[in-house]
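Residue strings, one per chain:
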Amino acid sequence: MNKLLNKSLKRFSVYAGIVLACSIPIYYFAISKLWQYELDEHNIILTAEAGREDSFLIIGAVTLLTVFFFVLILGGFVWLNRRISRRLWQPFYQTLEKIKDFDLNSHTTVQFEPANVIEFEELNTSINKLLESNIAAFRQQKEFTENVSHELQTPLAIVQAKLDLLLQNSSITTTQSMIIEETNHALSRVSRINKNLLLLAKIENQQFLDQETINMSECISEIVELLADFLEDKKVFLNIDQECFIQGNKMLVEIMLTNLLTNAIRHTGSNAQINISLNSEELNIANAGSDMLIAEKLFNRFSSASVKTPGSGIGLSIVKEICNRYGWNIHYSYLHDLHNFKVKFS
């Protein structure tokens with residue numbers, strides 16, 4: 001509303017200034033003629049000096065009166081415009097605030113306030129229909145992902161078990177064994193993707209509602225120990241505040257930390273360093289790397305942020321979803337040959 005008001009005020013001020021500048025000489029000319037007519041009517045003759053004084057007096061009076069009424073009109077216009085605009089545009093800004101606060105993951109619809117203006121009422125109706133269709137499509141997509149992931153678990157487990165049985169058969173050749181190993185490796189990757197998709201669906205459906213006080217320092221230390229085999233050729237430096245506690249679901253927090261550390265391991269070469277720092281406000285995981293990751297694709301599902309070390313593209317999506325779940329902010333940057341993933345808790 002302020003932008004619209006300021007724009008109209010500027011135009012009105014320019015227009016009023018032009019009118020004011022043109023009106024002063026017109027007023028002066030008209031009043032001078034009237035004054036001269038009155039003098040001639042009463043046969044009054046003024047000296048040149050008295051005529052100049054009267055001219056200056058007329059000019060001064062005309063100017064002061066014109067400026068006074070100009071300011072009065074402009075002030076009244078501003079007051080009326082603000083009052084009318086505030087009442088006129090109030091439904092629009094109420095609708096705008098509702099849209100800004102809308103979250104597709106909240107599973108709640110938007111209730112717009114009734115508007116007295118027909119155009120705004122039609123706008124609210126159209127937006128409401130659009131949001132309802134998007135919410136329905138989003139729910140169907142999540143339900144489809146969850147159902148497919150559930151249905152795929154059993155056949156994937158059966159196929160993997162059959163491949164393990166084939167590997168134990170002594171009659172298979174070396175070539176066949178290599179083919180089975182490659183198939184088993186691809187199947188394991190599909191199984192991980194399926195589990196991650198199911199986890200994403202559960203997070204989005206808010207199935208992890210339990211919260212507790214979590215000691216982040218202990219969680220990170222435990223996960224570093226669990227990943228010790230993958231960290232044998234890395235240089236890990238820990239700078240952890242021992243009094244760091246947060247509120248959240250412990251399983252989700254452990255998943256977030258595991259995915260961040262796994263991502264750091266994947267993008268760190270041999271004998272390179274991984275720095276982990278933690279305090280009450282933020283967690284920062286930095287690892288050495290030669291090339292910057294594609295920031296635009298980093299947290300998108302099924303998008304590889306690196307050409308050299310492609311992954312499934314779901315791990316960091318899960319991290320992003322968990323951060324969104326608790327209102328944390330995650331940010332990626334690349335400085336001094338270090339990949340930095342920073343999670344701010346507040």
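Computed from a prediction, not measured in an experiment: that's the story for all the values here. (Residues numbered from 1 in each chain as written. Predicted model: local features only at pLDDT ≥ 70, side-chain atom pairs only at ≥ 80, totals over all residues. Heavy atoms only, no water.)

Below, the discussion takes up the packing of helix H3 (residues 118-167) against helix H4 (residues 174-204). Their axes nearest at 9 Å, the elements H3 and H4 cross at an angle of 155°. Classified by the angle their axes make, H3 and H4 are roughly antiparallel. As H3 packs across H4, the resulting crossing turns out to be left-handed. (Axes fitted to C-alpha atoms, helices over the stretch in contact; angles between N-to-C directions. Helix = DSSP H or I, 4+ residues; strand = E, 2+ residues; numbered from the N terminus. Parallel < 35°, antiparallel > 145°, perpendicular 65-115°, else oblique. Left-handed = near helix turned anticlockwise from the far one by under 90°.)

Moving on to the nonpolar core. Formed by 48 residues in total, the largest nonpolar core has its most connected members in Leu257, Leu260, Leu283 and Trp328. Mapped by element, the contributors of at least two residues to this core are H4, helix H5 (216-226), helix H6 (250-266), strand E4 (273-278), strand E5 (282-288), helix H7 (315-326), strand E6 (329-335) and strand E7 (338-344). (Core = buried A, V, L, I, M, F, W, Y, C linked by side-chain atoms within 4.5 Å. Buried < 20%, exposed > 50% of the residue type's maximum accessible area, 1.4 Å probe, protein only.)

Take the state of the cysteines next. Taken as a whole, this structure holds 0 disulfides when the rule is applied. Here Cys244 is not disulfide-linked; the sulfur of Cys219 is the nearest cysteine sulfur, at 9.8 Å. With relative accessibility at 0%, the residue Cys244 sits in the buried group. (Disulfide = S-S within 2.5 Å.)

By the alternation rule, side chains of E6 split into Ile330, Tyr332 and Tyr334, which are all buried, and Asn329, His331, Ser333 and Leu335, of which none is buried. Pairing between E6 and E7: 7 bridges, direction antiparallel. By the bridge assignment, Tyr334 is partnered in E7 with His339. In sequence, E6 turns back onto E7 through a hairpin of 2 residues, with His336 there showing a positive phi of about 50°. (Pairing = 2+ DSSP bridges.)

Let's shift gears to the confidence of the model for the protein chain. For the protein chain, the mean per-residue pLDDT works out to 78, and 85% of the residues sit at or above 70. Per-element mean pLDDT across the protein chain ranges from 68 in helix H1 (residues 2-41) up to 90 in E7. (pLDDT = per-residue confidence, 0-100.)

Across a sheet, strands are paired by hydrogen bonds formed along the backbone, either parallel or antiparallel in direction. Pairing within the open sheet is mixed, and its 5 strands lie in the order E2-E4-E5-E7-E6. The sheet is open, and its two borders are formed by strand E2 (235-240) and E6, each paired with just one other strand. Between one strand axis and the next, the sheet turns by 10° as a mean value, whatever way the strands run. Pairing analysis gives 6 bridges linking E2 to E4, with the strands arranged parallel. Bridge pairing in E4 places Val236 opposite Ile274. Contacts from H6 reach E4, E5, E6 and E7, with the element oriented near 20° to E5. (Contact = heavy atoms within 4.5 Å.)

Bringing the packing of aromatic side chains into the picture now. By the definition in use, this model includes 5 aromatic pairs. Centre to centre, the rings of Phe92 and Tyr93 are 5.2 Å apart; their planes meet at 85°, and the pair counts as edge-to-face. For Phe92, a relative accessible area of 26% translates into the label partly exposed. Taken together, the ring pairs in this structure connect Phe92, Tyr93 and Phe120 into an aromatic cluster. The lysine or arginine in question, Lys320, covers the ring of Phe299, its NZ or CZ lying 5.8 Å from the ring centre. Directly above the ring of Tyr326 sits Arg325, whose terminal nitrogen or CZ lies 5.3 Å from the centroid. (Phe/Tyr/Trp six-rings, centres within 6.5 Å; stacked < 30°, edge-to-face > 60°. Lys NZ or Arg CZ within 6 Å of the ring centre and 35° of its normal.)

Within the chain, His336 stands out as a residue other than glycine whose phi angle is a positive 50°. Along the chain, the position of His336 falls in the loop between E6 and E7. Owing to a relative accessible area of 75%, His336 belongs among the exposed residues under this scheme. Phi at Asp337 is positive, roughly 60°, even though this residue is not glycine.

Another point: a nonpolar patch on the surface. On the surface, a nonpolar cluster with roughly 540 Å² of combined accessible area is contributed by Leu65, Phe68, Phe69, Leu72 and Ile73. Within the secondary structure, Phe68 is located in helix H2 (residues 48-101). (Patch = residues over 30% accessible without salt bridge, like charges linked within 9 Å, V, L, I, M, F, W, Y side chains within 5 Å. Areas by Shrake-Rupley, 256 points an atom, 1.4 Å probe, with all protein chains shown as cover. Salt bridge = Lys/Arg side-chain N within 4 Å of Asp/Glu carboxyl O.)

Over its 12 residues, H7 extends 17 Å from the first C-alpha to the last, a length consistent with the 16 Å expected when each residue adds 1.5 Å. Buried within H7 we find Leu316, Ser317, Ile318, Val319, Glu321, Ile322, Cys323 and Tyr326. Contacts made by the buried residues of H7 are with H4, strand E3 (245-248), H6, E6 and E7. Positive phi shows up at Gly327, right after H7, with a value of about 75°. (Expected span 1.5 Å × (residues − 1).)

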